[in-house]
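Chains, contacts and geometry: an overview
If you want the building blocks of each chain, they are given just below.
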Amino acid sequence: MTLQTFQKFSRYWFLVLLCLGVGFLSSRYMTTDTMIWYQSLNLSPLTPPDGVFMPAWTILYILMGLSAALVWDEVSPRPFAFQLVANGAWSFFFFYLRMPWLAFIDILLLLFLILWTIKVFSKASKIAAWLLIPYLLWTIFASYLNGYVVFVSNTLPGA
């Protein structure tokens, strides 16, 4: 294996593990008390069973890492870094702070950041951009679920 091949292989692993790490850290906010609180909310009838979220996010984090690795040397990492931070912040706002309205603002920002990342990545690799489409679609759905909690459960500040 050449040094260049090793570096490329290492970059893929690093970025996939970085994304999975954000997911792992985000999951730390989901304690038993938090899940009891979550289940007490007026959730959308379209809310998937709890067992769907971990496998879905695991796949999405892997796709995100692969996408970033494909364009690492060709585009600015800023959009990717910003969206990764916003992604991790959502669980902090929603579960740890129990502020679904703040999480909703964050997820709307996250949607913008994902679109920006797709645009930037598409300049270097169409495949990298396409790998982020499932993430975008899931985040649109998650935005609906979060918005439902905010507006139907009336978890706005002062409500």
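See the structure shown above.
Below, the structure is looked at part by part. Think of each chain on its own: its residues are numbered from 1, step by step along the sequence as written. Where totals are concerned, whole chains, interfaces and linings use all residues; where local detail is concerned, this predicted model gives features only for residues with pLDDT of at least 70, and gives and counts side-chain atom pairs only at 80 or more. Side-chain numbers come from the whole structure's heavy atoms, not from hydrogens or water.

When a carboxyl oxygen of Asp or Glu lies within 4 Å of a side-chain nitrogen of Lys or Arg, that pair is called a salt bridge. In total, this model carries 1 salt bridge according to the counting rule given. Arg-11 is the salt-bridge partner of Asp-73, the closest N and O atoms lying 2.7 Å from each other. Here Asp-73 is found in the loop between α3 (50-71) and α4 (78-96), whereas its partner Arg-11 is found in helix α1 (residues 3-27), with 62 residues between them in sequence. For each residue, the accessible area found with a 1.4 Å probe, counting protein chains only, is set against the maximum for its type, and the residue is called buried under 20%, exposed over 50%, and partly exposed in between. For Asp-73, a relative accessible area of 62% translates into the label exposed. With relative accessibility at 18%, the residue Arg-11 sits in the buried group. Runs of H or I in DSSP of at least four residues are treated as helices and runs of E of at least two as strands, each being numbered from the N terminus.

Patches in this entry comprise residues that are over 30% relatively accessible and not in a salt bridge; like charges within 9 Å are linked, as are nonpolar side chains (Val, Leu, Ile, Met, Phe, Trp, Tyr) within 5 Å. All accessible-area figures derive from a Shrake-Rupley calculation using a 1.4 Å probe, and residue coverage is judged against the displayed protein chains alone. Among the surface-exposed residues, Phe-82, Leu-109, Phe-112 and Trp-116 lie close enough to one another that they form a single nonpolar patch of about 400 Å² accessible area. The dominant element in the nonpolar patch, judged by the number of residues it contributes, is helix α5 (residues 100-124), at 3 residues. Take Phe-82: it is sitting in helix α4.

Moving on, we come to the environment of Ala-68. Considering the arrangement of structural elements, one finds Ala-68 in helix α3. The sequence separation of Ala-68 and Met-1 amounts to 67 residues, and the corresponding C-alpha distance is 23 Å. Beyond its immediate sequence surroundings of up to four residues, Ala-68 is in contact with Leu-15, Phe-80 and Phe-121. In this description, contact between two residues means that some pair of their heavy atoms is separated by no more than 4.5 Å.

A helix's residues, less one, multiplied by 1.5 Å, set its expected span. Across its 20 residues, helix α7 (residues 133-152) extends 28 Å between first and last C-alpha, which sits within 8% of the 28 Å expected from 1.5 Å per residue. Along α7, the positions that sit buried rather than exposed are Tyr-135, Leu-136, Trp-138, Thr-139, Ala-142, Ser-143, Leu-145, Asn-146, Gly-147, Tyr-148, Val-149 and Val-150. Buried positions along α7 lie against α3, α4 and α5. In the segment just after α7, Asn-154 is the residue with positive phi, at about 55 degrees.

Membership of the largest hydrophobic core comes to 41 residues, with the highest contact counts inside it found for Met-64, Phe-80, Phe-94, Phe-121 and Tyr-135. Looking at this core, the elements with two or more residues in it are α1, α2 (32-40), α3, α4, α5, α6 (126-131) and α7. Per-element accounting of this core gives the leading share, 10 residues, to α5. The residues touching Tyr-135, leaving out its near neighbours within four places in the chain, are Trp-57, Leu-60, Met-64, Gln-83, Asn-87, Leu-110 and Ile-114. Note on terminology: a nonpolar core comprises buried Ala, Val, Leu, Ile, Met, Phe, Trp, Tyr and Cys residues joined through side-chain atoms within 4.5 Å.

Closest axis-to-axis distance for the α3/α4 pair is 12 Å, and the angle between their directions is 165 degrees. Overall, the two elements α3 and α4 adopt an arrangement that is roughly antiparallel. With respect to the hand of their crossing, α3 and α4 are arranged in left-handed fashion. Between α3 and α4, the contacting residues are Trp-57, Tyr-61, Met-64 and Ala-68 on the first element and Phe-80, Gln-83, Leu-84 and Asn-87 on the second. A per-class count over the contact of α3 with α4 returns 6 nonpolar, 2 polar and no charged. Fitted lines through C-alpha atoms give the axes, limited to the stretch in contact for helices. The angle between two N-to-C directions lies from 0 to 180 degrees. Here is the rule for angles: anything less than 35 degrees is roughly parallel, anything more than 145 is roughly antiparallel, 65 through 115 is roughly perpendicular, and the remaining ranges are oblique. Crossing handedness: left-handed means the near helix sits turned counterclockwise from the far one by under a right angle, and right-handed means the same turn made clockwise. Charged residues are taken to be Asp, Glu, Lys and Arg, nonpolar residues to be Ala, Val, Leu, Ile, Met, Phe, Trp, Tyr, Cys and Pro, and polar residues to be all remaining types, Gly included.

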